[in-house]
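Below are the chains, spelled out letter by letter.
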There are 2 protein chains.
Amino acid sequence: MTDHSFEIDPIGVVRTPFERPADTPKQGVNEATEGEVVLSREYEPGLEGLTSGDSIDVLWLADDADRSTLRVRDGERGVFSTRSPHRPNPICRTTCRVRAVDGTRLAVTGVDMLDESPVVDLKAPMR
Amino acid sequence: MTDHSFEIDPIGVVRTPFERPADTPKQGVNEATEGEVVLSREYEPGLEGLTSGDSIDVLWLADDADRSTLRVRDGERGVFSTRSPHRPNPICRTTCRVRAVDGTRLAVTGVDMLDESPVVDLKAPMR
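Basis of the calculations
Residues numbered from 1 in each chain as written. Chains lettered and ligands numbered in written order. Predicted model: local features only at pLDDT ≥ 70, side-chain atom pairs only at ≥ 80, totals over all residues. Heavy atoms only, no water. Pairing = 2+ DSSP bridges. Helix = DSSP H or I, 4+ residues; strand = E, 2+ residues; numbered from the N terminus. Axes fitted to C-alpha atoms, helices over the stretch in contact; angles between N-to-C directions. Contact = heavy atoms within 4.5 Å. Buried area = accessible area lost by both parts, 1.4 Å probe. Salt bridge = Lys/Arg side-chain N within 4 Å of Asp/Glu carboxyl O. Polar contact = N/O pair within 3.5 Å; in protein donor to acceptor, adjacent residues only side chain to side chain. Phe/Tyr/Trp six-rings, centres within 6.5 Å; stacked < 30°, edge-to-face > 60°. Buried < 20%, exposed > 50% of the residue type's maximum accessible area, 1.4 Å probe, protein only. Least-squares fit on C-alpha atoms with pLDDT ≥ 70 in both. Disulfide = S-S within 2.5 Å.

Q: Tell me about the sheet that holds strand β9 (residues 117-123) of chain B, residues and numbers included.
A: Sheets are built from strands that pair by backbone hydrogen bonding, the pairs being arranged parallel or antiparallel. Residues and elements named next belong to chain B. Read around the closed barrel, six strands run β2-β3-β8-β7-β4-β9, paired in antiparallel fashion. This sheet shows a mean twist of 45 degrees between the axes of neighbouring strands, independent of strand direction. In the sheet, strand β2 (residues 12-15) pairs with β9 via three bridges, with the strands oriented antiparallel. When the bridges of β9 are listed, V13 appears paired with P118.

The structure is reproduced here in structure tokens:
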């Protein structure tokens, strides 16, 4: 039933102050931390309507993740009951606030990703 | 910068009452709608610690999506400012409640996915 894989093409990258995995926040996000989401030029039409002040869910890949991880916290917890980035499909989500839009560059606050992490989607948060 | 693609291997499927795209809820989720998340056997260790009553974010693929869509609502909105399933990387998220766990079968409520949609991740909701 799950024998077909699916190809994700990143739409851009996120720039953050966190250059090493050890630098990224482990618990919670500092809403003031500034970063930038930079999409490839071809995706510019997809940003129509996004403006300063909007909240946006950024889906990104933890591309340094150990995708073989199924247990965490010394084996006591299954990864699917946690938010660990180390998991079979390391797709993470961070809700950011848009400060400014300039073409395909979004200045945002509230980042917690490793610098240069691939971005795979942006979407409006659930109401 | 975004020239490498990334392979996602579904970890299971979700069973829901919605057999055709037109049946799926367009706005909001009925929290009472029952479904089942069925993971492949190999992922059972990842479920350790998940119990009845837990909320869980289900990441799934809208595999009938039109991945070329960048504008929606008659071209007025960019897809990244919406939650439309038609988008370049159609990874969707639904927060469900676990009713029971039996091996790699999770009985859940709050589903809104098309029946048999591939599941790519489960994680604890953000606090």
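On we go from here.
Q: So, the sheet that holds strand β4 (residues 55-61) of chain A: which residues are in play, and what are the values?
A: Residues and elements named next belong to chain A. Taken in spatial order, the six strands close into a barrel running β2-β3-β8-β7-β4-β9, and their pairing is antiparallel. Across this sheet, the average inter-strand angle for adjacent strands is 45 degrees, counted without regard to direction. Sheet topology places strand β7 (residues 91-102) next to strand β8 (residues 105-109); five bridges connect them, and they run antiparallel. Residue pairing across strands places R97 opposite T109, the latter belonging to β8.

Q: Explain the interface of chain B and chain A to me, using residue names and the numbers behind them.
A: The interface of chain B with chain A comprises 57 residues on the first partner and 57 residues on the second. Taken together, both faces of the contact between chain B and chain A bury some 5,000 Å²; the carbon and sulfur share is 58%. Our count for the contact surface shared by chain B and chain A stands at eight salt bridges. Residues E48 of chain B and R71 of chain A are paired through a salt bridge, measuring 3.9 Å at the closest nitrogen-oxygen approach. One can count 28 residue pairs in polar contact (both at pLDDT 80 or more) joining chain B with chain A. Residue assignment for the side of chain B that touches chain A shows that the elements contributing at least two residues are β1 (6-8), β2, β3 (34-39), β4 (55-61), β6 (77-78), β7 (91-102) and β9 of chain B. By the bridge criterion, three bridges tie strand β1 (residues 6-8) of chain A to β1 of chain B in an arrangement that is antiparallel.

Q: Outline the packing of aromatic side chains, supporting the account with residue identities and numerical values.
A: Evaluation of the coordinates by the stated rule reveals two aromatic pairs over all chains. Between F80 of chain A and Y43 of chain B, the ring centres sit 6.3 Å apart and the planes meet at 65 degrees, which makes this aromatic pair edge-to-face. Here F80 of chain A, found in the loop between β6 (77-78) and β7, pairs with Y43 of chain B, found in the loop between β3 and β4, and the two come from separate chains. Each member of the pair, F80 of chain A together with Y43 of chain B, is buried.

Q: How would you sum up the relation of the copies chain B and chain A? Please name residues and give values.
A: You can overlay chain B on chain A at an RMSD of 0.0 Å; the transform is a turn of 180 degrees with a shift of 0.0 Å along its axis. On this basis, the relationship between the two copies can be described by a two-fold rotation axis. Across chain B, the rotation axis passes nearest the C-alpha of E7 of chain B, at a separation of 2.4 Å.

Q: Hey, could you go over the side chain of T82 of chain B for me, with residue numbers and the actual values?
A: With respect to the helices, strands and loops of the structure, T82 of chain B is situated in the loop between β6 and β7. Here S84 of chain B takes part through its backbone nitrogen, which lies 3.1 Å from a polar atom of the side chain of T82 of chain B. Residues contacting T82 of chain B, with those up to four places away along its chain left out, are K123 and A124 of chain A together with V72, R73, R77 and R87 of chain B.

Q: Can you tell me about the environment of E7 of chain A, naming the residues and giving the values?
A: Summarising the element assignment, E7 of chain A is placed in strand β1. For E7 of chain A and P118 of chain A, which are 111 residues apart along the polypeptide, the C-alpha to C-alpha distance reads 14 Å. Not counting residues within four places of it along the chain, the set of residues in contact with E7 of chain A comprises S5, F6, R67 and N89 of chain B.

Q: Pulling in residues and values, what's your account of the state of the cysteines?
A: All names here are of chain B. Applying the stated criterion to the full structure yields zero disulfides over all chains. Here C96 stays free of any disulfide, with the sulfur of C92 as its closest cysteine sulfur at 12 Å. A relative accessible area of 2% means that C96 is categorised as buried.

Scope: geometric values only; no functional claims are made or implied.
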